[in-house]
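Residue-level listing of the chains:
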Amino acid sequence: MPVLALLSAVLVITFEQLVQWKYGAAGIIGLLLLTVGIKARRPGISSAGAVLLALLVARPAL
């Protein structure tokens, strides 16, 4: 069980660093809003985070 928790923590930190490297502070804010909204069961907050991340990802295509 501790190995699974450690592996999960490493995966989450790696993903956060990748988002920050690629999308900057706005990416971290979007990821934070999405995570907090899901954990707090607030669809408005999680939707705002998802929209922000979608805009950051789609910007080069637009």
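Reading guide: rules and limits
Residues numbered from 1 in each chain as written. Predicted model: local features only at pLDDT ≥ 70, side-chain atom pairs only at ≥ 80, totals over all residues. Heavy atoms only, no water. Helix = DSSP H or I, 4+ residues; strand = E, 2+ residues; numbered from the N terminus. Buried < 20%, exposed > 50% of the residue type's maximum accessible area, 1.4 Å probe, protein only. Areas by Shrake-Rupley, 256 points an atom, 1.4 Å probe, with all protein chains shown as cover. Patch = residues over 30% accessible without salt bridge, like charges linked within 9 Å, V, L, I, M, F, W, Y side chains within 5 Å. Salt bridge = Lys/Arg side-chain N within 4 Å of Asp/Glu carboxyl O. Expected span 1.5 Å × (residues − 1). Bend = angle between axes of the 7 residues up to and from the residue. Contact = heavy atoms within 4.5 Å. Arc of directions from axis to C-beta. Axes fitted to C-alpha atoms, helices over the stretch in contact; angles between N-to-C directions. Parallel < 35°, antiparallel > 145°, perpendicular 65-115°, else oblique. Left-handed = near helix turned anticlockwise from the far one by under 90°.

A. Main features of the overall build of the protein. When you go through the protein residue by residue, the secondary structure sums to two helices and zero strands. On the principal axes, the C-alpha backbone points of the protein span a range of 45 × 25 × 15 Å. Counting all 62 residues of the protein, 15% fall into the buried class. Surface exposure of the protein reaches about 5,000 Å², of which carbon and sulfur atoms provide 74%.

B. Region of interest: a nonpolar patch on the surface. Taken together, Ile-29, Leu-32, Leu-33, Val-36 and Ile-45 make up a surface patch of nonpolar side chains, about 400 Å² in accessible area. Per element, the largest residue contribution to the nonpolar patch is four residues, and it comes from helix α1 (residues 2–40).

C. Examining α1 more closely. The terminal C-alpha atoms of α1, which comprises 39 residues, lie only 26 Å apart, well short of the 57 Å expected from a rise of 1.5 Å per residue. Residue Tyr-23 marks the point of greatest curvature in α1, where the axis turns by about 135°. Residues of α1 that are buried include every one of Val-19, Gly-27, Gly-30, Leu-31 and Gly-37, and no others. For α1, the secondary structure elements touched by its buried residues are α2 (43–58). Where α1 terminates, the next one or two residues include Arg-41, which has phi positive at roughly 55°.

D. Structural view of α2. Over its 16 residues, α2 runs 22 Å from end to end, which matches the ideal 22 Å to within 8%, given 1.5 Å per residue. Three or more residues of α2 are buried, namely Ser-46, Gly-49, Leu-53 and Leu-56. In a view along the axis of α2, the buried residues occupy a sector of 90°, so they form one face of it. Facing away from the buried side of α2 by over 90 degrees, the exposed positions are Pro-43 and Gly-44. The inward-facing, buried residues of α2 abut α1.

E. Quick look at the packing of α1 against α2. Two numbers describe how α1 lies on α2: the axes approach to 7 Å, and their chain directions differ by 150°. Between α1 and α2, the crossing angle belongs to the class labelled roughly antiparallel. α1 and α2 meet at a crossing whose hand is left-handed. Contacts from Tyr-23, Ala-26, Gly-27, Ile-29, Gly-30, Leu-31, Leu-33, Leu-34, Gly-37 and Ile-38 in α1 reach Ile-45, Ser-46, Gly-49, Ala-50, Leu-52, Leu-53, Leu-56 and Val-57 in α2.

Any functional reading would require information that these geometric values do not contain.
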